[in-house]
Amino acid sequence: MHDAVRKLWPELDWITDPGLRAKTARTWERAFELSPLTPGDLNRIPFTLLVPNCPTTFMEHKRCVVHIAQKAACSMKEFMGNALPINVDTVIAGAILADVGKLLEYETVDGKAKQSKRGEMLRHPFTGVALAMECGVPDEVCHIIAAHAAEGELVKRSTEAYIVHHADFMAYLPFKNLK
Ligand SMILES: [Fe+2]
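Because the structure is a prediction, the values reported are computed rather than measured.

This part takes up the side chain of Ser 116. Secondary-structure assignment places Ser 116 in the loop between β2 (112–115) and α6 (117–121). Overall, the relative accessible area of 8% leaves Ser 116 in the buried class. Excluding residues within four positions of it along the chain, Ser 116 makes contact with Leu 104, Glu 105, Tyr 106 and Glu 107.

Further remarks concern the pattern of salt bridges. Pairs may arise between side chains of opposite charge once their charged atoms sit close together. Counted by the stated rule, this structure contains 13 salt bridges. Ionic pairing is found between Arg 26 and Glu 29, a salt bridge with its closest N-O pair at 3.4 Å. Of this pair, Arg 26 and Glu 29 both sit in helix α2 (residues 18–34), 3 residues apart, which is roughly one turn of the helix. Classification of Arg 26 by relative accessible area gives partly exposed; the value is 31%. The exposure class of Glu 29 is buried, given its relative accessible area of 11%.

Here we take up the nonpolar core. Core analysis: the biggest nonpolar cluster contains 45 residues, and Trp 9, Trp 28, Leu 42, Phe 58 and Ile 96 have the highest contact counts within it. Elements with a contribution of two residues or more to this core: α1 (2–8), α2, α4 (58–80), α5 (88–97), α7 (124–134), α8 (139–147) and α9 (159–170). Of all the elements, α5 adds the most residues to this core, at 7 residues. Not counting the four nearest positions on each side in its chain, Trp 28 is found in contact with Val 5, Trp 9, Leu 42, Phe 58, Ile 96, Leu 97, Val 100 and Leu 103. Counting residues in hydrophobic clusters, the runner-up holds 5 residues, among them Phe 47, Cys 54, Tyr 172 and Phe 175.

The rules behind each value
- Residues numbered from 1 in each chain as written.
- Predicted model: local features only at pLDDT ≥ 70, side-chain atom pairs only at ≥ 80, totals over all residues.
- Heavy atoms only, no water.
- Helix = DSSP H or I, 4+ residues; strand = E, 2+ residues; numbered from the N terminus.
- Buried < 20%, exposed > 50% of the residue type's maximum accessible area, 1.4 Å probe, protein only.
- Contact = heavy atoms within 4.5 Å.
- Salt bridge = Lys/Arg side-chain N within 4 Å of Asp/Glu carboxyl O.
- Core = buried A, V, L, I, M, F, W, Y, C linked by side-chain atoms within 4.5 Å.

Here it is in structure tokens:
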């Protein structure tokens, strides 16, 4: 599974801290151990169940969010880094892990992905934090997983969490217009 995760996420190489890179990869490996989905499924299933016949796959969306977040973090650091400290490793790891809990939100029925009972009870920000903490991911990255989605409106987001939240939503909300 280690090699499959590395193949799924070339962006893991962008994390400069080898310890954080290993914990981030391990969290994805752990999620696959507990999920009915395979790495191949993620290149096939739509990234959201909320847009009917969504043409973009899970991995296309997730990797796009990581790319947007990394570029945004670097731009903010370049122009405003003196006033606003930004840890780019934290942004990249948080973006890679934001939706890892979704692997526990789905089940496959007749070859189609649908929401699991656990997904109904515990949305992916919660299960994502549980998986990441089990794998030793630091709190500032778990914070991004916890706060990246709507639940995060109730939380004081870190700078890194704001970046991932907006990267995620700008790559999601326009799809609602396709309905
Ligand atoms: Fe999400």
